[in-house]
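So the chains spell out like this:
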Amino acid sequence: NETGQMRIIDDKVASVLATTKPWTWIRPIGCDIAADSIVLSKDERIQPVHMALLAQCGVDQIPVKYLPRVGILSTGNELLPSTNKDQCQSGKIPDANRPLLLSQLTTYGNCKPHDLGIISDDDSIEMLSDKLKKALWNDDIDVI
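Since the structure is predicted, the reported quantities are computational estimates derived from the model, not experimental observations.

Engineer: Tell me about unusual backbone geometry, and please be specific about residues and values.
Structural biologist: Backbone geometry places Asp36, a non-glycine residue, at a positive phi of 65°. Inspection of the secondary structure assignment puts Asp36 in the loop between β3 (14-16) and α1 (48-56). You can call Asp36 exposed: its relative accessible area is 81%. Non-glycine residue Asp43 carries a positive phi angle of around 70°. If you trace the backbone, Asp43 turns up in the loop between β3 and α1.

Structural data, given as structure tokens:
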């Protein structure tokens with residue numbers, strides 16, 4: 001069983017039929033990235049391919065911006081968690097906005113969304129205050 005310049009002997013062994021000239025598969029330094037080329041632009045989101053390019057350029061560290069943490073908090077007596085199976089209560093509605101916002105923020109990929117849950121209008125001011133203090137301490141941005 002021959003394919004081009006190789007003979008397949010079995011599933012673990014192959015024999016090379018043709019020789020290559022010395023330096024055939026050796027590329028000269030700088031042939032893939034020209035001097036003074038821009039490999040990564042400022043504010044560009046780093047993808048896996050960028051890591052390979054940076055490694056080729058001998059760069060092992062770069063300054064980066066961190067993704068801001070965004071907290072999403074729903075408020076209201078009328079809100080039920082979306083996991084609540086008893087959603088047909090009079091005067092109650094499922095909390096659809098919080099899951100929507102969390103999903104959109106996740107999809108955009110330019111922040112780290114943080115689910116702060118639901119606070120009822122009947123919860124004490126202390127409970128709300130504690131929740132907001134924790135959120136403001138842990139998050140860069142909070143949406144209420």
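Engineer: Account for the pattern of salt bridges, naming residues and giving values.
Structural biologist: Counting across every chain of the model gives 4 salt bridges. With a closest N to O distance of 2.8 Å, Asp43 and Lys65 form a salt bridge. Separated by 22 residues along the polypeptide, Asp43 in the loop between β3 and α1 and Lys65 in the loop between α1 and β4 (69-75) bring together distant segments of the chain. We note that Asp43, like Lys65, is exposed. Taking the shortest distance from any N to any O, the salt bridge between Asp139 and Arg69 comes out at 2.8 Å. With Asp139 in the loop between α3 (125-138) and β8 (141-143) and Arg69 in strand β4, the pair connects residues that are 70 residues apart, well separated along the chain.

Engineer: Give a description of the sheet that holds β4 that names residues and reports values.
Structural biologist: Read across the open sheet, the 3 strands follow the order β7-β4-β8; overall the sheet is parallel. The open sheet terminates on both sides in strands that have one partner only, identified here as β7 (112-119) and β8. Ignoring which end each strand starts from, the neighbouring axes of this sheet average 20° apart. Pairing geometry for β4 and β7, over 6 bridges, is parallel. Across the sheet, the residue bridging to Arg69 is Lys112, located in β7. Lying on the sheet, helix α2 (residues 97-108) is in contact with β4 and β7; it crosses β7 at an angle near 175°. Where α3 meets the sheet, its contacts fall on β4, β7 and β8, and the angle it forms with β7 comes to roughly 180°.

Engineer: Summarise the pairing of β4; cite the residues concerned and give the values.
Structural biologist: For β4, a buried count of 5 out of 7 residues is recorded, marking the element as mostly surrounded by other parts of the structure. Two strands pair when backbone bridges link them, and β4 and β8 are joined in this way by 3 bridges, in the parallel orientation. By the bridge assignment for β8, Val70 is matched with Ile141.

Engineer: So what about the layout of surface pockets? Which residues, and what values?
Structural biologist: What the largest pocket holds in volume is close to 480 Å³. Around the largest pocket, the lining is made up of 15 residues, and of these Glu44, Arg45, Ile46, Val64 and Lys65 lie nearest the centre. A class-by-class count of the residues in the lining of the largest pocket yields 7 nonpolar, 3 polar and 5 charged. Counted as a void, the second largest pocket has a volume near 150 Å³. Considering the residues around the second largest pocket, the lining is formed by 14 residues, among which Leu73, Ser74, Asp95, Asn97 and Arg98 are closest to the centre. Of all the elements in the fold, those that place two or more residues in the lining of the second largest pocket are β4, β6 (93-94) and α2. With 4 residues, β4 is the largest single contributor of residues to the lining of the second largest pocket.

Rules behind the numbers
- Residues numbered from 1 in each chain as written.
- Predicted model: local features only at pLDDT ≥ 70, side-chain atom pairs only at ≥ 80, totals over all residues.
- Heavy atoms only, no water.
- Helix = DSSP H or I, 4+ residues; strand = E, 2+ residues; numbered from the N terminus.
- Buried < 20%, exposed > 50% of the residue type's maximum accessible area, 1.4 Å probe, protein only.
- Salt bridge = Lys/Arg side-chain N within 4 Å of Asp/Glu carboxyl O.
- Pairing = 2+ DSSP bridges.
- Axes fitted to C-alpha atoms, helices over the stretch in contact; angles between N-to-C directions.
- Contact = heavy atoms within 4.5 Å.
- 1 Å grid on protein atoms, 1.4 Å probe; cavity = no way out; pocket = protein on both sides within 12 Å on 5 of 7 lines; lining within 4 Å.
- Points joined across faces, edges and corners; volume = space filled by probe spheres on them.
- Nonpolar A, V, L, I, M, F, W, Y, C, P; charged D, E, K, R; others polar.

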